[in-house]
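The residues making up each chain are set out below.
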Amino acid sequence: MEETSSMKPKRKDTTEDKTGEETAVPNSDGPQKKLARLNESLESASGAGDADVQLALNKAYQQKDVTQWLQSAWTKQAASTTEETTGAQIYGEPFQISLLPNFLEADNTRALVDEMINKVHWSRKQMDLYEFYQSTDLSNMLECRLLTNFLQMLRKQVRPWLEDITNLKLDYVSASCSMYSCGDYLLVHDDLLKDRQIAFIYYLSPWQGVEEWSSEQGGCLEIFSSDEQCYPQFPVQRKIAPKNNQFAFFKVGSRSFHQVGEVTTFDYPRLTINGWFHGATNEAFMADSSRAFPRLSYLQPNVNNNPRLGLLLNDVYLKAATRRSIQKRIEENSEICLYEFFKREKFELARAQLLNDESLSWRRQGPANAHNYEVMDLDTAKGTVQELLQLFRSNAMFQLLRDFTDLDLYGVDAITPTCSVELQRWSHGNYTVLGDGLVSEENTLDLVYYLNAAEGAAVITYLSPDVEQRTAHRNGLDTDQSIDNTDDTEDDEECQDDSVLLTITPVDNALNIVYRCEGTTKFTKYVSRNTPLDKGPVFVISCSYKE
């Protein structure tokens, strides 16, 4: 395409294009009605009023011998050890984490939950990395007496106690409340940001029979190991289920990768008070800042492959008038969806092969803090699937895309056109996030083709060039954080809504063509366990072309 082209991403104002919203939830809306029903069972059993409740660290943990045991186990980085009198546990692998059951002297979780239900104002957090509800920082919640007292306990009792155990200088603590309802999650991140030293999670689940969650209910704190380059690796190495009145803490570092698994129960929310103990600038922070994600590999067109388009493509897309119409649409909107792109019989053959051919080889695509889906080893492709994949790298496709877009992908004006081709398999729990190496460093033409499409699976969102800077703090760095300034919520919501350029929803046998300018980024939304995949996984042929 000529340098004078005006093609650039344009925002599509559709209801499904909204993402990244962080909206305050008044007490009568959102999760409050369900929480109110759950609270009825607590009120009859709680007994004491708020004025009678005193929050204090369990005296057992303040005993000299217990403190020394924790100190010694933490310093030695023991692989796995348990303190007999308290049941406290410390794990050294893949990074140091400690679990302290019966954390409060008296189990006052019922009263705390009652206050969270009746007085906390929740904000809905939705972005590439997470979906859940969060409160403001506890320091801004003076109307919540118990939560304010909990913060004071963290400051006056827990902070100096943790300093003794970890031998770290901890200057202050930040904390907020988090609530995960069914379908909510927080994807892989390391919490590494500036002065964070110790991360903590305090669990509240006071309902009878649900004091400790089962794996079927989800919501586990899931711990990842990492490779020599500090990239988190699949599978999950350790799962820690929510347990009432348990306090978990770990040292924040370049390998402290974890996530909150999707909550799968409709009956109860996952409630926590979480945050960080802060100190001097974390030594791992500067070293981590230069770590980059792997990027796609681009290849030149395969000149030895000459597929006959008439045998593969819908005849309508071979007509000159159609090509001119497509080019005009892309020049105006920077995107188009070509329905029934391949001949129906070719599509059906390819879909059936992908679902049933066990000789096709798949591998999980990581690292875990960037993406989680499967890609096919293209060398194992055969039959119709091979035909389609070869087409996308052929001179014939480069020429067709030149006609569709007027980009210099073929002919005398083409210098070194290249492409990247990937066949992906999407199932529950799969995702990509911002910052996964998919930021376009130059103008790029994306092709997205679906087979065995299902609503809500492999939905792709494109965001404007400046969103990477605006959301860098969310990408594994600043997600289950306290919100220091609640006035930013409205501005952030407007900012994120304006950043959405396009959302692609899956449609069978439809080829989506998207022209994106330098700096434009994208992510594929997490596939919830609530997404129906009755027909099996969703397959995506994902290609990118450069002039």
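Residues numbered from 1 in each chain as written. Predicted model: local features only at pLDDT ≥ 70, side-chain atom pairs only at ≥ 80, totals over all residues. Heavy atoms only, no water.

Counted only if it meets this: UniProt positions are given in the numbering used here, feature names are shortened, and annotations may be inferred rather than shown by experiment.
As recorded in an unreviewed UniProt entry, the chain goes by the name Prolyl 3-hydroxylase sudestada1-like isoform X1, listed as coming from Drosophila arizonae. Checking UniProt for the chain, the heading Cofactor (unreviewed entry) contains the comment "L-ascorbate".

Details of the overall build of the chain
The line we're drawing: By definition, any uninterrupted DSSP run of H or I lasting at least four residues is a helix, any uninterrupted run of E lasting at least two residues is a strand, and each is numbered from the N terminus. For every accessible area listed, the method is Shrake-Rupley and the probe measures 1.4 Å; residues are considered covered only by the protein chains on display.
On a plain count of helices and strands, the chain comes out with 13 helices and 25 strands. Total accessible area computed for the chain in this model is approximately 23,100 Å², and 45% of it derives from carbon and sulfur atoms.

Description of the packing of aromatic side chains
For any two aromatic rings, the description comes down to two numbers: the centre-to-centre distance and the angle of the planes. Applicable threshold: Pairing of aromatic rings covers Phe, Tyr and the six-membered ring of Trp, with a centre-to-centre limit of 6.5 Å; geometry is then stacked below 30 degrees between planes, edge-to-face above 60, and tilted otherwise. For every residue, the accessible area (1.4 Å probe, protein chains only) is compared with the maximum for its type, and the residue is labelled buried under 20%, exposed over 50%, or partly exposed between those bounds. Geometrically, a charge over a ring is one whose NZ (Lys) or CZ (Arg) sits within 6 Å of the ring centre while staying within 35 degrees of the ring normal.
The tally for this structure, following the rule as stated, stands at 22 aromatic pairs. On the numbers, 5.5 Å between centres and 35 degrees between planes, the contact of Y317 with F341 is tilted. Highlighted residues: Y317 in the loop between α7 (309-312) and α8 (320-333) and F341 in the loop between β15 (335-338) and α9 (344-356), separated in sequence by 24 residues. Side by side, Y317 and F341 carry an identical accessibility label, which is buried. In textbook terms, an aromatic cluster arises when at least three aromatic residues are bridged by ring pairs, as seen for W74, F103, F150, F200, Y202, F247, F249 and F277. Sitting over the face of the ring of Y180, R270 holds its NZ or CZ atom 5.1 Å from the ring centroid. Between R364 and the ring centre of F234, over which it is positioned, the NZ or CZ distance is 5.0 Å.

Quick word on unusual backbone geometry
Look at the link from F234 to P235: it is a cis peptide, with omega at 0 degrees. With phi around 65 degrees, A458 is a residue other than glycine that occupies positive phi space. Within the element layout of this structure, A458 appears in the loop between β20 (444-451) and β21 (460-463). The exposure class of A458 is buried, given its relative accessible area of 2%. Of note in the backbone geometry, N509 takes a positive phi value of approximately 55 degrees without being a glycine. In this fold, N509 is placed in the loop between β22 (500-504) and β23 (511-516).

Focus on helix α4 (residues 109-118)
Summarising burial for α4: 7 of the 10 residues are buried, a large majority. Inspection of α4 places T109, A111, L112, V113, E115, M116 and I117 among the buried residues, and these make up the whole buried set.

Here we look at the side chain of K522
Basically, it comes down to this: Definition of a polar contact: a pair of N or O atoms within 3.5 Å, with one able to donate and the other able to accept a hydrogen when the atoms are protein atoms, and with sequence-neighbouring residues admitted only if both atoms are side-chain atoms.
Topologically, K522 is positioned in strand β24 (residues 521-524). A distance of 3.2 Å separates polar atoms of two side chains, one belonging to K522 and the other to D446.

Concerning the confidence of the model for the chain
Detailed reading of the predicted model is not advised wherever pLDDT is low. Condition: Each residue carries a pLDDT score, the predictor's own confidence in it, on a scale running from 0 to 100. Contacts: residue pairs with any heavy atoms within 4.5 Å of one another.
On average, residues of the chain carry a pLDDT of 86, and 82% of them reach 70 or more. Taken as a whole, residues 1-28 scores under 50 in pLDDT and shows 78 contacts with residues more than four places along the chain or in a different chain. Contacts for the low-pLDDT stretch residues 468-495, under 50 throughout, to residues beyond four places or in other chains number 78 contacts.

A closer look at the pattern of salt bridges
Once their charged atoms are close, side chains differing in charge can pair, the charge on each being opposite to the other. Note the cut-off: Counted as salt bridges are all cases of a side-chain nitrogen of Lys or Arg within 4 Å of a carboxyl oxygen of Asp or Glu.
What the rule picks out here adds up to 20 salt bridges. Between E387 and K346 there is a salt bridge whose closest N-O contact spans 3.2 Å. Of this pair, E387 sits in helix α10 (residues 383-392) while K346 sits in helix α9, placing them 41 residues apart in sequence. A relative accessible area of 32% means that E387 is categorised as partly exposed.

Structural notes on a negative patch on the surface
What counts, and what does not: Patch membership requires over 30% relative accessible area and the absence of a salt bridge. Like charges are linked within 9 Å, and nonpolar side chains (Val, Leu, Ile, Met, Phe, Trp, Tyr) within 5 Å. Charge counting follows a simple rule: Lys and Arg are positive, Asp and Glu are negative, and His as well as the terminal groups are ignored. By convention, the point assigned to a charge is CZ for Arg, NZ for Lys, CD for Glu and CG for Asp.
Where like charges cluster on the molecular surface, the negative patch consists of E331, E332, D406 and E547. By secondary structure assignment, the location of E331 is in helix α8.

As for the pairing of strand β12 (residues 247-251)
As a reminder of what qualifies: Strands pair, by our definition, only if DSSP identifies at least two bridges between them.
In terms of burial, β12 is a largely internal element, 4 of the 5 residues being buried. Relative to β12, strand β4 (residues 97-100) runs antiparallel, the two sharing 4 bridges. Bridging across to β12, I97 finds its partner in F250. Note that strand β9 (residues 196-204) and β12 share 5 bridges and pair antiparallel.

Some words on the packing of α9 against α10
We count it as follows: Note on geometry: axes are C-alpha line fits, over the in-contact stretch for helices, and angles between N-to-C directions span 0 to 180 degrees. The scheme is simple: roughly parallel for angles under 35 degrees, roughly antiparallel for over 145, roughly perpendicular for 65 to 115, oblique for anything else. Whether a crossing is left-handed or right-handed is set by the direction in which the near helix is turned from the far one by less than a right angle, anticlockwise for left-handed and clockwise for right-handed. Residue type decides the class: Asp, Glu, Lys and Arg count as charged, Ala, Val, Leu, Ile, Met, Phe, Trp, Tyr, Cys and Pro as nonpolar, and the leftover types, Gly among them, as polar.
Remark: α9 packs on α10, axes separated minimally by 8 Å, with the N-to-C direction vectors making an angle of 115 degrees. One element, α9, and the other, α10, form an angle in the roughly perpendicular class. For α9 against α10, the interelement crossing comes out left-handed. Across from K346, L349, A350, Q353 and L354 in α9, the residues of α10 making contact are G383, T384, V385, E387 and L388. Partitioning the contact of α9 with α10 into residue classes produces 5 nonpolar, 3 polar and 2 charged.

Comments concerning the side chain of T405
Structurally, T405 is set in helix α11 (residues 395-405). Under the relative-accessibility criterion, T405 is labelled buried at 0%. Within polar-contact distance, the side chain of T405 engages the backbone oxygen of L401 at 2.6 Å. A polar contact is formed between the side chain of T405 and the backbone nitrogen of L407, at a distance of 3.1 Å.

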